[in-house]
Structures are given as C-alpha cells and as structure tokens.
Amino acid sequence: MSRYVVGLTGGIAAGKSEVTRRFEALGIVVADADLAAREVVAAGSPALATIAERFGAEMLLADGSLDRARLRAHVFADPAERLALEAITHPAIRRLMQQQCEQAASPYALAAIPLLTEVGGRQAYPWLDRILLVDAPEAVQHARLMQRDGIDAALADRMIAAQASRTQRQALADDVVINDGHPDELQAQVEALHMRYLQLAAT
C-alpha cells in the first residue's frame, strides 16, 4: 500500500504519457485519470446512464457504449456543457484513483491527472502529497496536438484554451519536468525525481 502519492499533471499534448511510462519502467504504480474516466463511463455504469439522461441518447453508440468523439465535440463547443459533464464524472474518477493509489504495491504511487488545475487542485485531491507538472510551450503543444489527433489548428486552439493556463499549472506544481525537446531528454529528469520521491516516501 502506498502512503505517498505524487499527482502528475500537464497541459494537453505536453507529454504526460511519455513521463508516466518512464516512472512505470522504474516500477512505480500509476493511477491514470484517463483510464479511470473510461472505467467510470463503461457500458452499464451509473455515470453513463446519467450522461445519456443529461446529454441525450444520441451520445451512445448502438452497442450502448459512449460515443466519445461525439460527446467531446459537443462539450468543447460549449463550456457550460463541459462543466456539466465534469460534474458527473469527476467525483467517480477521484474515488477510483484514490483507491488505486492506496492499493499500489510500489514505494510511492503516481496519480496522473491531466485536469488537476481545472478541477480544483489540492482542494479536489487532498490526498496528494506532491504535484509534478509536465510542462511544454503552447506552440509545442499545438503542433503535437494537430499531429497526434489529426485535427485542424482551430480545434487545437479551442482544446488548449479550454484548459488552465501554463501559469496556473506552474503555480500549483512542486516539481516541473520540461518536455520541449526529444523524449530521451526526459530520462535524467525522471530519474532525479524518482530518487527524490523515494526519499520523501521513506520519511
């Protein structure tokens, strides 16, 4: 059971997944908010039923699962709708992630929470001991997002604008990994943080 939990966050396409993979390679258990988000809206789940009720049955595919692309397009077009979706899913995601971290068999656990700043930071996740930010310049995020998702510049702009600013995320962070170059440049940063977190977890 991990008694020490590090929250990992960062803007869209900042490279959070690459950083979490490197911590996992060092034997650290990662509770991923994106995976938890999928789990809590699985077919037949209470959250999915609430989503269908709130946003309409057309948000479901023929097999009863969530039409993610349709819901994403809908909520990114209207901030109020995005907030309504988050009010349904976030409490369930937080409960599941805390459980996963508590049950982790590594010296400390990593909770990967992309929207940590947006959902209230430490107030929303009071069980986090430390916060690590994966940071990249907005221009780098923008280029990665267009390439990764095959979207146009306007949608990339809207997706970045829908999130907290870099300044807001930096204000929340205890530690920062700069990810504006080649992925291999991350390894030394991750290993140094890993040693620090091992020491903190031991005390």
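The protein chain appears in an unreviewed UniProt entry as Dephospho-CoA kinase from Stenotrophomonas cyclobalanopsidis. Quoted verbatim from the Subcellular location (unreviewed entry) heading of the UniProt record, the comment on the protein chain is "Cytoplasm". The record held by UniProt for the protein chain lists under Function (unreviewed entry) the comment "Catalyzes the phosphorylation of the 3'-hydroxyl group of dephosphocoenzyme A to form coenzyme A."

A. Geometry of the environment of isoleucine 12. Assignment of secondary structure puts isoleucine 12 in the loop between β1 (5-10) and α1 (16-25). Residue isoleucine 12 is classed as buried on the basis of its relative accessible area of 12%. Placed 48 residues apart in sequence, isoleucine 12 and leucine 60 show a C-alpha to C-alpha distance of 25 Å. Excluding residues that lie within four positions of it along the chain, isoleucine 12 makes contacts with Gln141, Leu145, Arg148, Met159, Ile160 and Gln163.

B. Representation of the sheet that holds strand β2 (residues 29-32) in the model. If you walk across this open sheet you meet the five strands as β2-β3-β1-β4-β5, and the pairing is parallel. Whereas interior strands pair on both sides, the edge strands pair on one side only; in this sheet they are β2 and β5 (175-178). Put simply, the sheet's adjacent strands are angled 25° from each other on average, direction ignored. Across four bridges, β2 lies against strand β3 (residues 109-112) in parallel orientation. If you follow valine 30 over to β3, its bridge partner there is leucine 110. Seen against the sheet, α1 touches β1, β2, β3, β4 (130-135) and β5 and runs at an angle of roughly 155° to β1. Against the sheet, helix α2 (residues 33-40) touches β2 and β3, its axis set at about 50° to β2.

C. Local environment of the packing of aromatic side chains. Evaluation of the coordinates by the stated rule reveals three aromatic pairs. Seen from their ring centres, tyrosine 108 and tyrosine 197 are 5.5 Å apart, and the 75° between their planes marks the pair as edge-to-face. Separated by 89 residues along the polypeptide, tyrosine 108 in the loop between α5 (79-102) and β3 and tyrosine 197 in helix α9 (residues 186-202) bring together distant segments of the chain. Residue classification places tyrosine 108 among the buried residues on the basis of a relative accessible area of 0%. Judged by relative accessible area, which is 0%, tyrosine 197 ranks as buried. Note on tyrosine 125 and tryptophan 127: the rings are 5.5 Å apart at their centroids and 65° apart in plane angle, and the pair reads as edge-to-face. In this structure tyrosine 125 comes out as buried when scored by relative accessible area, which is 3%.

D. Here's a closer look at the UniProt feature "binding site: ATP" (unreviewed entry) in the protein chain. In this numbering, the UniProt entry assigns the feature "binding site: ATP" (unreviewed entry) to Ala13, Ala14, Gly15, Lys16, Ser17 and Glu18. Residues from the annotated list that form part of the lining of the largest pocket: Ala13, Ala14, Gly15, Lys16, Ser17 and Glu18. Tracing the backbone through its elements, the reader meets alanine 14 in the loop between β1 and α1. Among the residues examined, alanine 14 registers a relative accessible area of 1% and is labelled buried. Ignoring any residue separated from it by four or fewer positions in sequence, one finds alanine 14 in contact with Val134, Ala136, Gln141, Arg144 and Asn179. Within the secondary structure, serine 17 is located in helix α1.

E. Examining the pattern of salt bridges more closely. Enumeration over the complete set of coordinates arrives at ten salt bridges. Where arginine 21 meets glutamate 18, a salt bridge forms, and the shortest distance between an N and an O atom there is 2.7 Å. Placement of the pair is arginine 21 and glutamate 18 together in helix α1, with a separation of three residues, close to one helical turn. What makes glutamate 18 partly exposed here is its relative accessible area of 21%.

F. A look at the pairing of β4. Most of β4 sits out of view: six of its six residues are buried. Burial of the side chains of β4 extends over both faces: Arg130, Leu132 and Val134 are buried on one face and Ile131, Leu133 and Asp135 on the other. Where β1 and β4 come together, five bridges link them in parallel fashion. Within β4, the position partnered with glycine 7 by the bridge is isoleucine 131. Two strands pair when backbone bridges link them, and β4 and β5 are joined in this way by four bridges, in the parallel orientation. Counted as the bridge partner of aspartate 135 is isoleucine 178 from β5.

Thresholds applied
- Residues numbered from 1 in each chain as written.
- Predicted model: local features only at pLDDT ≥ 70, side-chain atom pairs only at ≥ 80, totals over all residues.
- Heavy atoms only, no water.
- UniProt positions renumbered as here; feature names shortened; annotations may be inferred.
- Helix = DSSP H or I, 4+ residues; strand = E, 2+ residues; numbered from the N terminus.
- Buried < 20%, exposed > 50% of the residue type's maximum accessible area, 1.4 Å probe, protein only.
- Contact = heavy atoms within 4.5 Å.
- Pairing = 2+ DSSP bridges.
- Axes fitted to C-alpha atoms, helices over the stretch in contact; angles between N-to-C directions.
- Phe/Tyr/Trp six-rings, centres within 6.5 Å; stacked < 30°, edge-to-face > 60°.
- 1 Å grid on protein atoms, 1.4 Å probe; cavity = no way out; pocket = protein on both sides within 12 Å on 5 of 7 lines; lining within 4 Å.
- Salt bridge = Lys/Arg side-chain N within 4 Å of Asp/Glu carboxyl O.

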